[in-house]
Amino acid sequence: MTLPVSHTLNDAHSLAQLPAQIRQASMVMRLSRLGSFFPTRLSFMRVLIRQLAEQKSVLKTQTWSLDKNGFGRAVLSINLFGREYSLIAFTQPLSDENRTDRVIAEAWDSTYVLYDGIPETEDLDRLEQQVPNQEAGRYSDKELVLSRANKSVRLFQHVVDQLSEGKQPDFDLIKSTGYLMRTTAVYGNGKFGIADRAKIAKRNGMSGPFQIEMLAVYLIREFTHRLVEHIAKCKSPKNACLLSDKLKRYLGIGNSTGLGMAPFLVSHPVLLNNWMLARETAIANMRSIHLLDQTQKTHITKLYYRAKNHLSQWQTTDITQTKKISCLRQEWQKIEPIFLDKIENEYPLEELVQLTNSYSLEMQELMVSLIVEIGGDEIDQLTHCMTSDISPYILPNMSLKFLKNIIKQQFNWALSIDFSQADENHQFWYTSATKLEPRLGERYSEDGAEKEQPLDIAKQVQALNSELEKHDDHQITAIFILKHPEFRYIIKRIQTASWAPYGEIQDNLIGKNCKPIDMLRCKLSFFGAAKFDPKSDRWTRITLYQGAPTASELRYSDADNWWLPVLE
Amino acid sequence: MFRSFSETVFLCYKACVGGGVDIGTAQDIAVSTTLIGTYQNEIFGQLPDLISAPQNKQHITNTFSKTANFESVLAVHNGLFLADCLQSNLLEEIKIKEIDNILLFVGICLHLVTEFSWDILIDDKFVVRISNKNLSADLAFLASGGAKNITIQKSDETNKSLIHLKPTSTIFIDAENWHALNRLAAHTYVDETMHSRISGAGAGLTDND
């Protein structure tokens, strides 16, 4: 093993100079590994909570006009860097047969907007006509996020009933569910007329990716806690009690995520690169630490055992994921004595990473998330590198020789796929005419492949590579595209890969073996989600903000200490 | 109705693809159209016809000269190439006999030509300057559609006669124009079947957990 130059967490080093131990894109950007990711302290929810805590943000109830069944409207506001943001919630009855988490839904238990400032009554009246319609409504640039959530039928009523009788809800049911409501869409960045990201991107606290969406979800979680307490109190004013702080902290907000999230990673290669590069830089920096001090040893040991407990509480009905969790529990248990030895050594975190190399991918990724967790401010500074408003663009004077070299060096994975095999062309991604729901079809048995979305990156690379062989090396890209405009899209991506090497998922996304769930887990781990609960290979449930401090706990010194939460 | 920048880019992109424009071109035309549209003009009403214009491939015969002449330019199909030539410094001056939409071409330059400042002249009259994504123009220019005798040249920035224009943050688009773009975009959507409804998203139809 080659050891890196010795330094400690306190040594300053430039982010521009990448550590020698950084994992290469060819290793990291494979679907199977992306689909094994865990949240880290760089995850977007963690970033938001740190900001709310540092700013000592305070939540206020501005409006609470709900009937005894919890139907009506409410406004919760929170301040961040001197600005107020308000969650406006509308709740309504919903029959079981209409409760679907899919995009094709037309009604929900609750609907929301995050409003820029404190809304006036006229704003609430206007939005009450629009927000319950979600995509069919129309919004203004005063609205920053649009969302909706459905109740967990098994938990919501139970919690109301228990609280109304002055009792706390069943501990095991809380543990197995983890949320009172789950969001089924969280729209930002200009959708349906709400504000473009550009409006808030330069604001303090909002420059990082998905911070405004994460804020909306955090406030929805707060709303659900208040909602069950309100209904319980109405049901039994004399006997009702409040939900305990411990359970509130454990109850996150659920989320159902489907295929729509997957193409995002493909259509935002620069953003994906920046997320990955920050994450991998953090991992590499931690691996190059020479020695842990006693505080770090104590911290990482506690985190090891917390992760162990977390794994024991991770439940899913998905057979594949259940097997992976079972394997991971055994592997995590197996390294316990070695782990405690290793942290005493030189380059302990590097040794821990090396230790997991012979284990499952989930084991490897859990370990790298663990070692990043003991990083402090220096690691957290990397979050400033995780944003980008740049899209891939053409470098028109690049020679074809240079372009061919990028393909040779960075797209070998694409050239190695045999597209003469039917299985490698098996799937196509498309948008359904019904509410524009993203879907995945089978090319040889379903109509619509001629309208597929451009996720066939590897196939396009191969087509370009074949055509480039017919052209002179000294020709420049602009002239080549003049003759072949159909390659403009893939050339943009390839040229972008020369300066954003982590921007491409290095697998065949239309092959029979492609599992979209891997892309979903990758993106959701960057959000900060854990306890992935796949419902198929293209659909998953998760819980957001589980273990995160509630608004009344943001002032506590341990507000950032909620990686892989455990209910005890 | 007022539209956000993002939703406008998205619809223009879909409309381009639905109208048969290749993906890479559609991406750049969508951003270019929306950028010039933030200066409040008729570009969104004009875009469907520009998309459906029959393709007319351009040729450069002498790549050693910094000046090139073009006869008939279609903004959607040829505009990106001209912008690439300016951005790469392959050309320092372009003369166009006729272009089907000068507004969109200026939008393309705003989007893609970030190197140097450029002046655009129509019939030898100075009408537009593009400099680092900023637009200065003769106000009458915003009512333009097709144009003849256009010169694009590197600017020495001495002529200060144009008005610096500020883009709007939201864009007003006439309902009829929006629907026309939507009709083109609809060609990219796949009609639902019972099979695709049940299996295409990988999730069930109800979720009462």
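For the structure, see preceding data.
Residues numbered from 1 in each chain as written. Chains lettered and ligands numbered in written order. Predicted model: local features only at pLDDT ≥ 70, side-chain atom pairs only at ≥ 80, totals over all residues.

Colleague: Sorry if this is basic, but what is going on with the overall build of chain B here?
Modeller: A tally of helices and strands in chain B yields seven helices and ten strands. Taken over 209 residues, chain B has a buried fraction of 47%. Sequence separation of 24 or more characterises 75% of the internal contacts of chain B that already satisfy a separation of 6 or more. (Helix = DSSP H or I, 4+ residues; strand = E, 2+ residues; numbered from the N terminus. Buried ≥ 20, exposed ≤ 12 C-beta atoms within 10 Å, placed from the backbone. Contact = placed C-beta atoms within 7 Å.)

Colleague: Is there a simple way to think about helix α7 (residues 211-235) of chain A in this case?
Modeller: The periodicity of an α-helix, 3.6 residues per turn, causes residues three or four positions apart to be oriented the same way. Given a rise of 1.5 Å per residue, 25 residues ought to cover 36 Å, and the 36 Å separating the end C-alpha atoms of α7(A) matches this to within 8%. The buried fraction of α7(A) amounts to 22 of the 25 residues, a majority that puts the element mostly inside the structure. (Expected span 1.5 Å × (residues − 1).)

Colleague: Can you walk me through the interface of chain A and chain B in this structure?
Modeller: Interfaces are often described in size by the accessible area the parts lose on coming together. At the interface, 56 residues of chain A touch 37 residues of chain B. Of all elements in the fold, only α5 (153-164), β8 (427-432), β9 (438-442), α20 (477-483), α21 (488-497) and β10 (530-536) of chain A reach the threshold of two or more residues within the side of chain A that touches chain B. Ranked by the residues each element gives to the side of chain A that touches chain B, the list is headed by α20(A), at four residues. Each residue belonging to the side of chain A that touches chain B can be placed in one class, and the counts come to 21 nonpolar, 15 polar and 20 charged. (Nonpolar A, V, L, I, M, F, W, Y, C, P; charged D, E, K, R; others polar.)

Colleague: Sorry, what's going on with the packing of helix α1 (residues 5-18) of chain B against helix α3 (residues 43-52) of chain B here?
Modeller: Helix packing geometry: the angle between the two helix axes and the distance between the axes. All names here are of chain B. Two elements in contact, α1 and α3, have axes whose closest approach is 9 Å; the angle formed by their N-to-C orientations is 30°. Regarding the angle of α1 to α3, the classification is roughly parallel. Relative to α3, α1 is oriented so that their crossing is right-handed. Residues C12, A15 and C16 of α1 touch α3, and the partners they reach there are L47, P48 and I51. Taken together, the residues of the contact of α1 with α3 break down into six nonpolar, no polar and no charged. (Axes fitted to C-alpha atoms, helices over the stretch in contact; angles between N-to-C directions. Parallel < 35°, antiparallel > 145°, perpendicular 65-115°, else oblique. Left-handed = near helix turned anticlockwise from the far one by under 90°.)

Colleague: Looking at this model, I keep getting lost on the sheet that holds strand β11 (residues 539-544) of chain A. Mind explaining?
Modeller: Strand pairs in the sheet, formed through backbone hydrogen bonds, run parallel or antiparallel to each other. Residue and element names in this part refer to chain A. Sheet architecture is open: nine strands sit in the order β1-β2-β3-β4-β5-β6-β7-β11-β10, paired in mixed fashion. Every interior strand has two partners, whereas the edge strands, β1 (59-66) and β10, have only one. On average, adjacent strands in this sheet sit at an angle of 25° to one another, irrespective of strand direction. With four bridges connecting them, β10 and β11 associate as antiparallel partners. The partner of A530 across the bridge, within β11, is T543. (Pairing = 2+ DSSP bridges.)

Colleague: Looking at this structure, I do not really get the packing of helix α3 (residues 44-54) of chain A against α7(A). What am I missing?
Modeller: All names here are of chain A. One way to put it is that α3 packs onto α7 with a least axis distance of 9 Å and a crossing angle of 75°. With respect to their mutual orientation, α3 and α7 come out roughly perpendicular. Contact residues: α3 offers F44, M45, V47 and L48, while α7 offers Q211, M214, L215 and Y218. Counted by class, the contact of α3 with α7 contains seven nonpolar, one polar and no charged residues.

Colleague: Honestly, the sheet that holds β9(A) in this entry has me stumped. Any pointers?
Modeller: Strand order across the open sheet formed by three strands is β9(A)-β8(A)-β10(B), with mixed pairing between neighbours. Either end of the sheet is taken by a strand with one partner, and the two such strands are β9 of chain A together with β10 (189-190) of chain B. Bridge count between β8(A) and β9(A): five bridges; the pairing is antiparallel. Paired with A:Y430 across the two strands is A:R439, which belongs to β9(A).

Colleague: Mind showing me how you'd approach the environment of A:K56 here?
Modeller: Residue and element names in this part refer to chain A. With respect to the helices and strands, the residue K56 is situated in the loop between α3 and β1. On the basis of neighbour counts, which here come to 9 C-beta atoms within 10 Å, the residue K56 falls in the exposed class. As for K56 and I481, which are separated by 425 residues in sequence, their C-alpha atoms are 54 Å apart.

Colleague: Just checking my understanding: could you explain the nonpolar core for this structure?
Modeller: Where a protein is soluble and globular, its nonpolar side chains tend to be buried together. Residue and element names in this part refer to chain A. In this structure, L87, A216 and I371 are the most contacted members of the largest nonpolar core, which totals 225 residues. Per element, the largest residue contribution to this core is 13 residues, and it comes from α7. Among residues more than four places away in sequence, those in contact with A216 are L87, Y112, L114, V145, S147 and V186. (Core = buried A, V, L, I, M, F, W, Y, C linked by C-beta atoms within 7 Å.)

Colleague: Even after reading the chapter, I still don't get helix α4 (residues 121-130) of chain A, so can you show me in this structure?
Modeller: All names here are of chain A. Regarding α4, the residues found buried are L124, L127 and Q130. Down the axis of α4, the sector holding all buried residues measures 125°, keeping them to one side. Every exposed residue of α4 that faces more than 90 degrees away from the buried side is listed here: T121, E122, D125 and Q129. On the buried face of α4, the contacting elements are β2 (72-80), β3 (83-91) and β4 (110-116). (Arc of directions from axis to C-beta.)

Colleague: Honestly, unusual backbone geometry in this entry has me stumped. Any pointers?
Modeller: Among all residues save glycine, negative phi is the norm, and among peptide bonds the norm is trans. Not every positive phi belongs to a glycine, and A:Y545 is a case in point at roughly 65°. When you line up the elements, A:Y545 lands in the segment after β11. With a phi angle near 55°, B:Q40 is a residue other than glycine that sits in the positive phi range. Mapped onto the elements of the fold, B:Q40 is located in the loop between α2 (23-37) and α3.

Colleague: Help me understand the pairing of strand β6 (residues 134-137) of chain B, please; the structure alone is not making it clear to me.
Modeller: Along a regular strand, successive side chains alternate from one face of the sheet to the other. Residue and element names in this part refer to chain B. Here strand β5 (residues 125-131) pairs with β6 via four bridges, running antiparallel. The partner of I130 across the bridge, within β6, is L135. Note that β6 and strand β8 (residues 163-165) share three bridges and pair antiparallel. Its bridge partner lying in β8, A137 is registered against I163.

Colleague: How do you make sense of the pairing of β11(A) when you look at a structure like this?
Modeller: All names here are of chain A. β11 sits mainly inside the fold: six of its six residues count as buried. A two-sided burial pattern is seen for β11, the buried positions comprising W539, R541 and T543 on one face and T540, I542 and L544 on the other. Summarising the sheet, strand β7 (residues 252-257) and β11 pair through five bridges and their orientation is antiparallel. Bridge pairing in β11 links T257 to T540. Between β10 and β11, which pair antiparallel in sequence order, lie two residues.

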